[in-house]
Amino acid sequence: MNTVRLPALFTPSQQQPLLLLHSRPLRIRCSSQNGAILSEKKKGPIIAELPLEQIRRPLLRTRNNNPEKVQQLMDSIADIGLQEPIDILEVEGVYYGFSGCHRYEAHQKLGLPTIRCKIRRGTQETLRHHLR
C-alpha cells in the first residue's frame, strides 16, 4: 500500500495534516462550494457541481413541490450548504434530473448557479425507462 501525504489538506476540527493511505492513483477535483473532492479513477457515480441550466428536468410538470419544504431547504442551504447531492443521469453528454426536485428549486430560488450532483452514466434505454 502506498502512503501519500498531502500537507495542504487539514481535518477541520484539529487543523492537523490529513494522511491518506491509498493503493491507487487519486484524482483531485475542486468543488465550488465545499473544497476538494477526492475520488478514485473508477467507473460508477461521480460527485460534481453542474450548472442548473445544463440539467434537463423532463418530469418537472408532473408534480408540485411543497413550498414549505423548499423554504426549509433554502434556509438550510444558505446556512450550511447542500448536504445531499441530487441524482443525475448522464446520457451521451446530456444531464437529466428525475429526483431532488425540492433541492433543485431551492437552488433556483437562492440564485445559485450550480448544484452538487451524483452523476451516473446511462444509455438511451436507461433514459427511456426513466421516462415511462
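Residues numbered from 1 in each chain as written. Predicted model: local features only at pLDDT ≥ 70, side-chain atom pairs only at ≥ 80, totals over all residues. Heavy atoms only, no water.

As annotated in an unreviewed UniProt entry, the protein chain carries the name sulfiredoxin and comes from Sphagnum troendelagicum. Word for word, the UniProt comment on the protein chain under Sequence similarities (unreviewed entry) is "Belongs to the sulfiredoxin family." In its Catalytic activity (unreviewed entry) section, UniProt records this for the protein chain: "S-hydroxy-S-oxy-L-cysteinyl-[peroxiredoxin] + [protein]-dithiol + ATP = S-hydroxy-L-cysteinyl-[peroxiredoxin] + [protein]-disulfide + ADP + phosphate". (UniProt positions renumbered as here; feature names shortened; annotations may be inferred.)

(A) Local environment of unusual backbone geometry. Positive phi values are uncommon outside glycine, yet glutamate 92 reaches one of about 50°. Looking at the element boundaries, glutamate 92 is found in the loop between strand 7 (86-91) and strand 8 (94-97). (Helix = DSSP H or I, 4+ residues; strand = E, 2+ residues; numbered from the N terminus.)

(B) Spatial organisation of the confidence of the model for the protein chain. Confidence in the prediction for the protein chain averages 76 pLDDT; 67% of positions are at 70 or higher. Every residue in residues 1-40 scores below 50 in pLDDT, and together they form 58 contacts with partners more than four places removed in sequence or on other chains. (pLDDT = per-residue confidence, 0-100. Contact = heavy atoms within 4.5 Å.)

(C) Fine view of the packing of helix 1 (residues 67-80) against helix 2 (residues 101-110). Between helix 1 and helix 2, whose axes approach to 9 Å, the crossing angle comes to 65°. By crossing handedness, the relation of helix 1 to helix 2 is classed as right-handed. Between helix 1, through Lys69, Val70, Leu73, Met74, Ile77 and Ala78, and helix 2, the contact on the second element is made entirely by His102, Arg103, Glu105, Ala106, His107, Lys109 and Leu110. Of the residues that constitute the contact of helix 1 with helix 2, the class distribution is seven nonpolar, two polar and four charged. (Axes fitted to C-alpha atoms, helices over the stretch in contact; angles between N-to-C directions. Left-handed = near helix turned anticlockwise from the far one by under 90°. Nonpolar A, V, L, I, M, F, W, Y, C, P; charged D, E, K, R; others polar.)

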